Every structure is written in structure tokens, then in C-alpha cells.
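Residue-level structure breakdown
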Amino acid sequence: MMKIYEEKTAPNARRVRMFLAEKAISDVEYVHVGLKAGENISSDFRQKNPLGKVPVLELEGGEFISESMAICRYFEVLHPANPLMGSTALDQANIEMWQRRCEISFMNLVGMGFQHTTGYFSDRMTPVKEWGEECIKLATKFMSFLNDHLANHEFVAGDSFTVADITAFVSVDFARVVHVRIDDEHQHLLRWYKSIKDRPSAQA
Ligand SMILES: N[C@@H](CCC(=O)N[C@@H](CS)C(=O)NCC(=O)O)C(=O)O
């Protein structure tokens, strides 16, 4: 059976679990990797991913794939029904554009905000509190931008649920660790968030 090395609370791991739940793919064994304990930076784990990050997919043939979006892409190609990464060239480009916007200008900033303000990984990096605070500010600004975008769009990348919604949704939830929540005035973002939260995959 395929394996996914991950930690349940890690947002990147959640993106992959949500993606697989949407695709109804369940023939995967989840293997816990303790991040705080540094199991992911052990030399053994670096054989699976030299960057020492989760999630990592191990195929039955022994190949390893890391990077959440690469893992999702692998499953998208094998299970094209219910496309989450687009079918036409235009759809694929639009979804990729929004996925990257959400990942680069939101998810990664929340992650840096978390790491640099809490010192959670201070055994392996040097936290810079001011940088963390700036990242949180920028991530909060992105939520406002997303709210405006969602005023005219049902989903992040057009008319249907896609991987861009997964990245944005997981980032909103993860933002709680840095005490950022959706502003009551951001009605469009709230409407969208509630609709995604109601999907069974949000519990994955
Ligand atoms: N770009 C990577 C990011 C992977 C990543 O940063 N994973 C985090 C968990 S969400 C991790 O392994 N952190 C442990 C560490 O930095 O030591 C992806 O999309 O999978």
C-alpha cells in the first residue's frame, strides 16, 4: 500500500488529506512523523525527503514524492474524475495562478509568522520575531484581498471547488495559531469559509 508520512496538525499534510478525501482515495496508509521531536530532520527521514519536510508520499514501487502540490498532481493525473486542478488549459492556468497566490502570499506567510513568533522550531532555525509579525500582517492583508475577490466568485478559482480552495481554507484555519481569524466585516470570505467547512473533506 502507498504511504503518506505526515503529522495530522501540519497544514501541508492537511492539504493532501483533503485532496484525497475529495477524490475518495483511501488506499493510503498514514505514517506519523513527529515534527516537534525532529523526526522529520533525522538522516533516516531525509532519505525520503532531503529537505526534511512533510508530507511525503511513498509509492508501492518505493519512489518518494514530496511537495504537497506534486503529490496532489500525481493523484489528479491518476484519478482525473472530479478534477481539482482543471481540465482545459485555461482552467488549469487559472487554478494554478490562484493556488500559487494562496500558497505564496497566504499559507507560507502564516507558516513563517508561526515559526518566527513562537520559536516552535528554534532547535533548527533562528526565529526573528519582527519578521514573523510582518508576515502575519501581510497574511491578514491577503485575507482582505480574498474577501474582495470572493464578492464576485463562488470559489477561489472560478465556479467550482478546486485545489486553490483547499490551500486557502487550510491557511485560514492554520492562521488561528497566530491568532488571526476572519474579520466579521469580511462577509464574502465568511460565506466561502462556511461552505468549504461543510464539505466532508474538511474533516479529513
Ligand atoms: N512546500 C512544501 C512545504 C512542506 C512543509 O513546510 N511542511 C512542514 C509542515 S506543514 C514541515 O515539515 N515542517 C517541519 C520543519 O520545518 O521542520 C509542501 O508543499 O509540502
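Criteria and thresholds
Residues numbered from 1 in each chain as written. Predicted model: local features only at pLDDT ≥ 70, side-chain atom pairs only at ≥ 80, totals over all residues. Helix = DSSP H or I, 4+ residues; strand = E, 2+ residues; numbered from the N terminus. Rg over C-alpha atoms; globule rule 2.2 N^0.38 Å. Near = placed C-beta within 6 Å. Nonpolar A, V, L, I, M, F, W, Y, C, P; charged D, E, K, R; others polar. Core = buried A, V, L, I, M, F, W, Y, C linked by C-beta atoms within 7 Å. Buried ≥ 20, exposed ≤ 12 C-beta atoms within 10 Å, placed from the backbone. Domains from an automatic or database assignment. Expected span 1.5 Å × (residues − 1). Contact = placed C-beta atoms within 7 Å. Arc of directions from axis to C-beta. Pairing = 2+ DSSP bridges.

Quick notes on the overall build of the chain
Assigned secondary structure in the chain consists of seven helices and four strands. Ordered by position in the sequence, the α and β elements of the chain form the string β-α-β-α-β-β-α-α-α-α-α. Its C-alpha radius of gyration of 17 Å places the chain within 12% of the 17 Å reference for a compact globule of 204 residues. With the principal axes as the frame, the chain shows a C-alpha extent of 45 × 45 × 30 Å.

Overview of the site of the ligand
As a structural note, the neighbourhood of the ligand is formed by 15 residues, with A10, N12, K53, V54 and S68 the closest of them. Within the residue set of the shell around the ligand, elements represented by two or more residues are helix 1 (11-22) and helix 3 (68-78). For the shell around the ligand, the residue count by class is eight nonpolar, four polar and three charged.

Thoughts on the nonpolar core
Soluble globular proteins tend to pack their nonpolar side chains together in the buried interior. Residues F19, F106, V110, A139, V163, A164 and A168 are the most contacted members of the largest nonpolar core, which totals 50 residues. Ranked by residues supplied to this core, first place goes to helix 4 (residues 89-118) with nine residues. Residue-level mapping places this core at the junction of two domains, with at least three residues from each of domain 1 (2-78) and domain 2 (89-203).

Describing the domain arrangement of the chain
Here the chain is described as being made up of domain 1 (2-78) and domain 2 (89-203). Contributions of two or more residues to the side of domain 1 that touches domain 2 are made by helix 1 and helix 3. In terms of residue count, helix 1 provides more of the side of domain 1 that touches domain 2 than any other element does, seven residues in total. In terms of residue class, the side of domain 1 that touches domain 2 is made up of seven nonpolar, one polar and three charged.

Some words on the environment of D91
For D91, the position within the fold is in helix 4. Remark: the alpha-carbon pair of D91 and R15, spanning 76 residues in sequence, is separated by 20 Å.

A word on the environment of R191
Structurally, the position occupied by R191 is in helix 7 (residues 187-197). A sequence separation of 44 residues divides R191 from N147, and the C-alpha atoms of the two residues are 9.5 Å apart.

What about helix 1?
Over its twelve residues, helix 1 extends 16 Å from the first C-alpha to the last, a length consistent with the 16 Å expected when each residue adds 1.5 Å. The element helix 1 is largely enclosed, with a buried count of ten among its twelve residues. Of the positions making up helix 1, those classed as buried are N12, A13, R14, R15, V16, R17, M18, F19, L20 and E22. Here the buried face of helix 1 lies against strand 1 (2-6), strand 2 (28-32), helix 3 and helix 6 (163-174). Among the residues trailing helix 1, A24 stands out with phi positive, at a value near 55°.

Focus: helix 5 (residues 129-150)
In this model helix 5 runs 32 Å from its N-terminal to its C-terminal C-alpha over 22 residues, within 8% of the 32 Å that 1.5 Å per residue would give. Every buried residue belonging to helix 5 is among G132, C135, I136, A139, F142, M143, L146, N147 and L150, and all of these are buried. Viewed along the axis of helix 5, the buried residues span an arc of 145°, placing them on a single side of the element. Facing away from the buried surface of helix 5 by more than 90 degrees, the exposed residues are E130, K137 and D148. As for helix 5, its buried residues are in contact with helix 4, helix 6 and helix 7.

Some points on the pairing of strand 1
For strand 1 and strand 2, the ladder comprises five bridges, and the chain directions are parallel. Residue pairing for strand 2: I4 is matched across the bridge by Y30. Summarising the sheet, strand 1 and strand 3 (residues 56-58) pair through three bridges and their orientation is antiparallel. Residue pairing in the sheet places I4 in a bridge with L57 of strand 3.

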